[in-house]
Amino acid sequence: MGARTERRADLVVIGAGIAGLTAALSAVDAGLDVVVLNKGQRWNPGDAEHPTSTFYAQGGIAVVDPAMGDDSIDLHVTDTLNAGAGLTDPKSTRPILTDGWPAVSQLVDRGAHFDTDAQGRFLRTREGGHSVRRIIHAGGDATGARVQQALGEAAGRAGLTVLDDTWASDVLVHDGEVVGAAYVTAGVPGVAWAPTVLLATGGVGHVYAATTNPAGATGDGIALALRAGAAVADLEFVQFHPTMLFVPGARGRRTLVSEAVRGEGGRLVDMNGQSVTAAVHPLGDLAPRDVVARAVAAAMERTGADCVHLDITGVADFADRFPTVTAGVRASGLDVTGGYLPVVPGAHYLCGGVATDGDGRTDVPGLLAAGETARTGLHGANRLASNSLLEGLVMGRRSAVEAAARVGRRVVEVDVPESGAARVCDRTALQDAMSHDVALDRDAAGLESVAALLDGSPLRPRTDLRSAEDAALTLTARAIVAAALHREESRGCHQRADHPATSADPVSRQFVLDGDRLVAARERAVPTS
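Just so we're clear, the structure is a prediction, and the values are computed from it rather than from any experiment.

Caption draft 1: Seen up close, the pattern of salt bridges. Counted according to the given criterion, the structure contains 41 salt bridges. Two residues, glutamate 469 and arginine 427, come together in a salt bridge whose shortest N-O distance is 3.3 Å. Taken together, the residues span a long stretch of sequence, with glutamate 469 in helix 15 (residues 465-486) and arginine 427 in helix 13 (residues 427-437) at a distance of 42 residues. Residue class for arginine 427 comes out buried when judged on its relative accessible area of 12%. Across the pair arginine 466 and aspartate 470 runs a salt bridge whose closest N-O atoms are separated by 3.7 Å.

Caption draft 2: Focus on the packing of aromatic side chains. Enumeration over the complete set of coordinates arrives at five aromatic pairs. Taking 5.2 Å as the distance between ring centres and 80° as the angle between the ring planes, the aromatic pair formed by phenylalanine 55 and tyrosine 56 counts as edge-to-face. Given a relative accessible area of 18%, phenylalanine 55 falls into the buried group. Accessibility expressed as a relative area gives 14% for tyrosine 56, which makes it buried. Counting every residue linked through ring pairs, the aromatic cluster contains Trp101, Phe114 and Phe122. Its end group placed over the ring of tyrosine 349, arginine 383 keeps NZ or CZ at 4.1 Å from the ring centre.

Caption draft 3: Quick look at the sheet that holds strand 8 (residues 166-174). Spatially, four strands are ordered 1-10-9-8 in an open sheet, and the strand pairing comes out mixed. The open sheet has two free edges, formed respectively by strand 1 (5-8) and strand 8, since each of these has just one partner strand. Averaged over all neighbouring strand pairs, the angle between strand axes comes to 20°, with direction disregarded. Pairing analysis gives six bridges linking strand 9 (residues 177-185) to strand 10 (residues 188-193), with the strands arranged antiparallel. Of the residues in strand 10, the one forming a bridge with threonine 185 is valine 188.

Caption draft 4: Focus on the pairing of strand 25 (residues 517-525). Sheet topology note: the strand 24 (residues 507-514)/strand 25 ladder contains eight bridges and is antiparallel. Of the residues in strand 25, the one forming a bridge with serine 508 is arginine 524. Between strand 24 and strand 25, which follow one another and run antiparallel, lie two residues, and glycine 515 among them has a positive phi close to 65°.

Caption draft 5: A look at helix 4 (residues 90-98). If you check which residues of helix 4 are buried, you get Pro90, Ser92, Thr93, Ile96 and Leu97. Around the axis of helix 4, the buried residues are gathered within 160° of arc, so they sit on the same side. Buried residues in helix 4 make contact with helix 3 (73-83), helix 5 (100-109) and helix 12 (387-405).

Caption draft 6: Structural detail: the sheet that holds strand 4 (residues 61-62). In spatial order, the strands read 4-6-5; together these three strands make up an open sheet with antiparallel pairing. Sheet topology places strand 4 and strand 5 (124-125) at the edges, where each strand pairs with a single neighbour. Pairing between strand 4 and strand 6 (residues 135-136): two bridges, direction antiparallel. Directly across from alanine 62, in strand 6, lies its bridge partner isoleucine 135.

Caption draft 7: Summary view of the environment of alanine 479. Within the secondary structure, alanine 479 is located in helix 15. With relative accessibility at 2%, the residue alanine 479 sits in the buried group. When the C-alpha positions of alanine 479 and leucine 235 are compared, they lie 6.9 Å apart, and in sequence the two are 244 residues distant.

Caption draft 8: Just the packing of helix 14 (residues 444-455) against helix 15, in detail. Remark: helix 14 packs on helix 15, axes separated minimally by 10 Å, with the N-to-C direction vectors making an angle of 150°. Judged by the angle between their axes, helix 14 and helix 15 are roughly antiparallel. The chirality of how helix 14 crosses helix 15 is left-handed. Contact residues: helix 14 offers Ala444, Leu447, Glu448, Val450, Ala451, Leu454 and Asp455, while helix 15 offers Thr474, Ala477, Arg478, Val481, Ala484 and Leu485. A per-class count over the contact of helix 14 with helix 15 returns nine nonpolar, one polar and three charged.

Basis of the calculations
- Residues numbered from 1 in each chain as written.
- Predicted model: local features only at pLDDT ≥ 70, side-chain atom pairs only at ≥ 80, totals over all residues.
- Heavy atoms only, no water.
- Salt bridge = Lys/Arg side-chain N within 4 Å of Asp/Glu carboxyl O.
- Helix = DSSP H or I, 4+ residues; strand = E, 2+ residues; numbered from the N terminus.
- Buried < 20%, exposed > 50% of the residue type's maximum accessible area, 1.4 Å probe, protein only.
- Phe/Tyr/Trp six-rings, centres within 6.5 Å; stacked < 30°, edge-to-face > 60°.
- Lys NZ or Arg CZ within 6 Å of the ring centre and 35° of its normal.
- Pairing = 2+ DSSP bridges.
- Axes fitted to C-alpha atoms, helices over the stretch in contact; angles between N-to-C directions.
- Arc of directions from axis to C-beta.
- Contact = heavy atoms within 4.5 Å.
- Parallel < 35°, antiparallel > 145°, perpendicular 65-115°, else oblique.
- Left-handed = near helix turned anticlockwise from the far one by under 90°.
- Nonpolar A, V, L, I, M, F, W, Y, C, P; charged D, E, K, R; others polar.

As structure tokens, this is what we get:
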């Protein structure tokens, strides 16, 4: 590596999805000097692959319009709590959902365009767990791409400093407080000194062999937070989307088939043409995702088939309403004209994450987290569909407010560590083990076997992006497994075959990194109101 570059800022944002760019733009609006570290390339509409999970979000944004009488914050809170299987925190949920409409309105002011009817009102669809049609969308099923485009263009207009092709190696801490972040840009090390660092790195999908997440979803924020001394919570709750396009033998990112397809009339059927969710839940195919994913897995086991089918014959003008799904299906060598899409559950979303309060603060002063990498309490044990983009918007704005309050704090320049050695498991072995034993169904024997594999991984230096990602995947997977072993019950996304009952007293459990060990730090009962 070459000589180290240095810069100063009021806020360093690690990640360039909806949470990161919303925070960065809001902070710039407040007069802060902001640096964004973007692991991928600059957003380009012509690229075949994109670095953020935001880009691939299809369904839309769940948000209550106060001017409409058929929905309410109370109803949205109720749906969110029901989906969260007893682990959603109502004290954090209501404020986030209430702030949704102002956050969406600001996003529109920044250039986002959502689908509207002839009168200019937002078109809305319905997804699993929602009792009404409340999800606004853009470009049919291209909501995330349109949002990413709007934020990217707004960042350009604002002159926001974005370092592309840059991976963060460490959050720098002095006397227990953040003083900046170390990073590597195109092989050159650098450091940004700042009193506040925001982790907005997205999800962890690539701890599994197949996922709906982009290639960069390798748990970077979880690993950075743990190494900086912050706590993580509820990592055992990894949501599997019920309808990931099935392609035999495929690994890595696979095409998501939006839940909105079922909201517009799609039906899940097994290989015998029988309903997958009949008699499983009153909402049928629009039950919460954990319920539908398990129903799909049960149908596959019952029939011996590798997948189930999503019957789209009842969806009018499918290719026009769902152009993103259609393009993904065709790119996989399949076709939508036959009316049946092969689907399986796929790793989709981390419901837990870096533990934060309602303003994005972690227990390390100056370290914030927002978006999928954070655990606010909104998602509980199973995220309600399309609450994720909403949370990213709201918490991005709140993180900027917190960063503004920290401007002017003394920043001590510390010795920047070399990217030290970390446990690194072979990526394919890790993904196969996690997919086999830490997916929809788990038990102690399988979890202990994966823990032994991961804990016994060799120490290797983090010298480039690939080795840094493999180290992050390994540490994140270890934390997921540790949390899954401790939770001896079945709840939401976490199902233990050896502990099928659900506890009457839901508990959120935090973990910290103590040397090389992940240890349970504290437990907190989840309030009921």
